[in-house]
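This is what each chain is made of:
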Amino acid sequence: MTSNPTPINLKMLLESQTLKRAPFPVPVGWYFIDYSENLKAGELRNISVFDQEWVLFRSESGDKVGVTDPYCPHLGAHIGHGGKVCGDNVRCPFHHWEYDTDGMCKAIPYAKVMPPITKKQAILRTLPTVEKYGMIWSWFHPLCEAPHFELPYIPEIEDKTGYTGSRRGSWSANTCIQEIAENGVDVAHLKFLHNAPGIPPVSASYNENQMRLDIGNGYIVGDMYGPGLNVMRFNQKDPVTGKTITATMISYSVPVTHDTTQMNMSFRHVDYPEGSPELAFTKKQIDHMIGAAEGEESAGFESVDFIVWNNKRYRPNPLLCDGDGPIFPFRNWFKRFYVDADLSKI
Amino acid sequence: MAEIRVTDRNGGERTISTDSGRPLMEALRDADLNLQGTCGGAMSCGTCHVYIKPSWNEKLPARSEDEQMMLEAIGDLVEVRPNSRLSCQVEISDALNGIEVEIAPEV
């Protein structure tokens, strides 16, 4: 005779069958659309971000950029197929209704009377759009609310002198921004996935739309401004000169769909003289951020993170142990960027 | 069921009968009176403009802000009177049996 076996916790074993890769909607925030130099005056093209298509255009004067819903509120023509920039407006090809960058209807060439709603509000959805850091940025909110915060001043990319660095990168990740950003607080993975010498200490603090992350007591200090902008400063003592050198990674990820992301980055640093040891050390720091720098055992995100991001599923009830980073406070903070979602499941 | 006594744009008078529960605009549009009702009740075109005999006023719903705005917008092109209405905003009911309506000029 055998005694009754201990009941099995089936949820533990079977939950993965119902997990989704990224069970989140597109989060609210400011997002990179393109580099300003890539959109000429009078240009119009279709882009796919935030789970749908949009029409991106620049006014003929060059100083206004619009991101609009593609489908004309009149009879539904796709403005990005055959539409045209006319002055400050975009014009639908079907009946030549015109819209400005705020989505206000500015002309209906044959109507004697403009429909009253055109005087009250935008009739075509547009995204609030600004140019900053030499880039085009749009504010996404699923219910069309105005921006909740402004993009920050970043000296490394906005000051006219003192900084340099033209290195940029762009990577496609088969997951959502929350999953990518969670690696910031998951310090244990730095040792095991990235081969860092140990698990560094971490502290994360949250203030409304901002998160500040400090990894390794000031070694990496990151400031996240909503889901779409992360400024990470790597501060490291150069053993040759004895100076602490800072290199800056400006990361601007865009939700292409709710579960795919385009990760974009610019790398900036102090404008050290050519041939100086400071410049050499800075360049090595930047190599280290991206991939494996020469002579190093550890690996940057490019070489190791994607294999995990691209294949994992989100566990809303993860089994964490001592030594894991502060995952739950990060997840609770990130919920603020989901609107109209069932937050109990995420 | 209600009867509508209509004065057309030439001053001719007719009576049409229609079911309750549908917009006055549809009854007029379908009666070959050259009343367009283009926007289908969205209050964005002003082509269903009518004058309703003031004695019916208390049986009609008040103008909404959107109806008011559309009437003001066509005011530069046609005469808008205190008894002007967008007929798409008036629902036919038994209480309106016998209502007297004049088709306003085209915008």
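Residues numbered from 1 in each chain as written. Chains lettered and ligands numbered in written order. Predicted model: local features only at pLDDT ≥ 70, side-chain atom pairs only at ≥ 80, totals over all residues.

This paragraph deals with the overall build of chain B. Along its length, chain B carries two helices and five strands. The secondary structure elements of chain B, listed N-terminal to C-terminal, are β-β-α-β-α-β-β. For 107 residues, the compact-globule estimate of 2.2 N^0.38 gives 13 Å, and chain B sits close to it at 12 Å. Judged by the C-alpha coordinates and their principal axes, chain B covers about 35 × 30 × 25 Å. For chain B, buried positions account for 34% of its 107 residues. (Helix = DSSP H or I, 4+ residues; strand = E, 2+ residues; numbered from the N terminus. Rg over C-alpha atoms; globule rule 2.2 N^0.38 Å. Buried ≥ 20, exposed ≤ 12 C-beta atoms within 10 Å, placed from the backbone.)

What follows deals with the environment of Thr 244 of chain A. Residue and element names in this part refer to chain A. With respect to the element layout, Thr 244 can be found in strand β17 (residues 244–251). Residue classification places Thr 244 among the exposed positions, given that 10 C-beta atoms sit within 10 Å. For the pair formed by Thr 244 and Thr 101, sequence separation is 143 residues and the distance between their alpha carbons is 45 Å. Residue contacts for Thr 244: discarding those within four places in its chain leaves Asn 235, Gln 236 and Lys 237. (Contact = placed C-beta atoms within 7 Å.)

So, on to unusual backbone geometry. Negative phi is the rule for most residues except glycine; trans is the rule for most peptide bonds. Residue and element names in this part refer to chain A. In this structure, His 96 is a non-glycine residue whose phi angle is positive, near 65°. With respect to the helices, strands and loops of the structure, His 96 is situated in the loop between β6 (89–91) and β7 (98–99). A positive phi angle is found at Cys 144, which is not glycine, with a value near 65°. Among the structural elements, Cys 144 can be located in the loop between β10 (135–140) and α3 (155–158).

The next subject is the domain arrangement of chain A. All names here are of chain A. Under the domain assignment, chain A is made up of domain 1 (29–140) and domain 2 (155–337). Look at where the C-alpha atoms of domain 1 and domain 2 centre, and you get two points 34 Å apart. Domain 1 puts nine residues into the contact, and the matching count from domain 2 is 14 residues. At the level of elements, β1 (29–35) and β2 (44–49) are the ones that each hand at least two residues to the side of domain 1 that touches domain 2. Looking at the side of domain 1 that touches domain 2, the element that brings in the most residues is β1, giving four residues. (Domains from an automatic or database assignment.)

Let us look at the pairing of strand β4 (residues 65–68) of chain A. Residue and element names in this part refer to chain A. Along β4, one buried face is formed by Val 65 and Val 67 and the opposite face, lined by Gly 66 and Thr 68, is buried too. Where strand β3 (residues 52–58) and β4 come together, four bridges link them in antiparallel fashion. Bridged to Val 55 within β4 is Thr 68. Between β3 and β4, which pair antiparallel in sequence order, lie six residues; one of them, Gly 62, sits at a positive phi of approximately 95°. (Pairing = 2+ DSSP bridges.)

A separate point is the nonpolar core. Residue and element names in this part refer to chain A. Counting residues in hydrophobic clusters, the biggest one holds 64 residues, and the most contacted among them are Tyr 31, Phe 32, Ile 33, Trp 137 and Phe 140. No other element matches the five residues that β10 contributes to this core. Residue contacts for Ile 33: discarding those within four places in its chain leaves Ile 47, Leu 56, Val 67, Ile 136, Trp 137 and Ser 138. (Core = buried A, V, L, I, M, F, W, Y, C linked by C-beta atoms within 7 Å.)

It is worth spelling out helix α6 (residues 277–290) of chain A at this point. All names here are of chain A. If you check α6, its first and last C-alpha atoms are 21 Å apart, about what 14 residues at 1.5 Å a residue would give, namely 20 Å. Every buried residue of α6 is listed here: Phe 281, Thr 282, Gln 285, Ile 286 and Met 289. All buried residues of α6 fall inside an arc of 140° around its axis, so they share one side. Close packing links the buried residues of α6 with β16 (230–237), β17 and β19 (260–270). (Expected span 1.5 Å × (residues − 1). Arc of directions from axis to C-beta.)

This paragraph deals with the sheet that holds β6 of chain A. Residue and element names in this part refer to chain A. Taken together, the four strands give an open sheet; going across it, the order is β5-β6-β7-β8, and neighbouring strands pair in antiparallel fashion. Strand pairing shows two members of the sheet lacking a second neighbour, β5 (84–86) and β8 (105–107), which therefore form its edges. Bridge count between β5 and β6: three bridges; the pairing is antiparallel. Residue Val 85 lies in a different strand from β6, and its bridge partner there is Val 90.

Okay, the interface of chain A and chain B next. Across the boundary between the two partners, chain A contributes five residues, which contact ten residues of chain B. Classifying every residue of the side of chain A that touches chain B by side-chain character gives four nonpolar, no polar and one charged. (Nonpolar A, V, L, I, M, F, W, Y, C, P; charged D, E, K, R; others polar.)

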